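# Coordinate analysis (summary)
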Amino acid sequence: MAKTVKVDSKEVGLVAGLNLFNFFLGTRDLHYGLWEEDLEVKVQNLPEAQRRYSEFLIGHIPQDVKSILDVGCGAGGLAAELLKRGYHVEGVSPSPLLSETAQTQAGEDFLIHPGRFEDVQFSLDQQYDMLMFSESFQYITLNMVLDKAQSLIRPGGYILICDFFKTNAPGKSVIGGGHRLDDFVQVLNDSGLKLLAEHDITRQTAPNLDLVDQMGRELILPTMKLIGYAFSNNRPWLSRVFRWKFRKRLAKIDYKYLSGERNAESFAKYKIYKLYLLQKIGD
């Protein structure tokens, strides 16, 4: 009998969200958008905000870069754009579902290394001009990521990180994710990498959380209420059992997505979103 593989609910949720945004907005990206002053924060403008985010990243790629390893390539939108512009791009992805989407979007020639970055084995002579971490850095073990990244780039090569980090703000954030910025700075200082560029884009990315809050209040909550109403009336006994068995998980979902605390103000308090361009010095 074939071994059953447990499916990550977060992975399913990401793909479901991607399909939803693609159907209604025509976007195939999972990353945050870059909300500049001339762009109104509304869901209809998300594709344009995401396009601007991609352009912001690509604009920081040095001219001598030809080959890129996109670590945590997601749905493949950024990789597809880089390939279109003539870069040689490969990806790393721990998610079978997202890898399938990325392969479709970036094309059959897009090589994806399956697995976690920590675990993927590369040939000893494999080197790239740049490693890129676009909203994937936060998921990788901090005390090894820069060492392994340096082993995969040529002398003079680059590491581009664009992601959010935790601040030292008191209290607990409803928004998860991110390495503590102080810890990252210490690891960076010990890495021997040269810092070429550093940009704080918290103000331009925080509005994404207002869209999440809006979707929670105007889409998820009414939908959950409708399903709950039908369930409790048509299957009252089963409904009571379900609510009791999953009470903790339902309370967590309610707090994370429906409490109103998942917004731009909270994000800007507990997170800082930064771009770092780093260069490997010497052999």
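Residues numbered from 1 in each chain as written. Predicted model: local features only at pLDDT ≥ 70, side-chain atom pairs only at ≥ 80, totals over all residues. Heavy atoms only, no water.

## Quick notes on the sheet that holds strand β5 (residues 153–166)
- The strand order β3-β2-β1-β4-β5-β7-β6 describes an open sheet built from seven strands, whose pairing is mixed. The sheet is open, and its two edges are formed by β3 (111–114) and β6 (194–200), each paired on a single side. Averaged over all neighbouring strand pairs, the angle between strand axes comes to 15°, with direction disregarded.
- Where helix α5 (residues 142–151) meets the sheet, its contacts fall on β4 (128–134), β5 and β7 (271–279), and the angle it forms with β5 comes to roughly 150°. (Pairing = 2+ DSSP bridges. Helix = DSSP H or I, 4+ residues; strand = E, 2+ residues; numbered from the N terminus. Axes fitted to C-alpha atoms, helices over the stretch in contact; angles between N-to-C directions. Contact = heavy atoms within 4.5 Å.)

## Examining the side chain of Ser67
- Tracing the chain through its elements places Ser67 in strand β1 (residues 67–71).
- A residue is classified by how much of its surface remains accessible, and Ser67, at 13% relative accessible area, is buried.
- Here the side chain of Ser67 touches Asp129 through a polar contact of 2.9 Å, landing on its backbone nitrogen.
- When residues no more than four places from it in sequence are discounted, the contact partners of Ser67 are His88, Gln127, Tyr128, Asp129 and Met130. (Buried < 20%, exposed > 50% of the residue type's maximum accessible area, 1.4 Å probe, protein only. Polar contact = N/O pair within 3.5 Å; in protein donor to acceptor, adjacent residues only side chain to side chain.)

## Quick look at unusual backbone geometry
- For Glu135, which is not glycine, the phi dihedral falls at a positive 60°.
- Within the secondary structure, Glu135 sits in the loop between β4 and α5.

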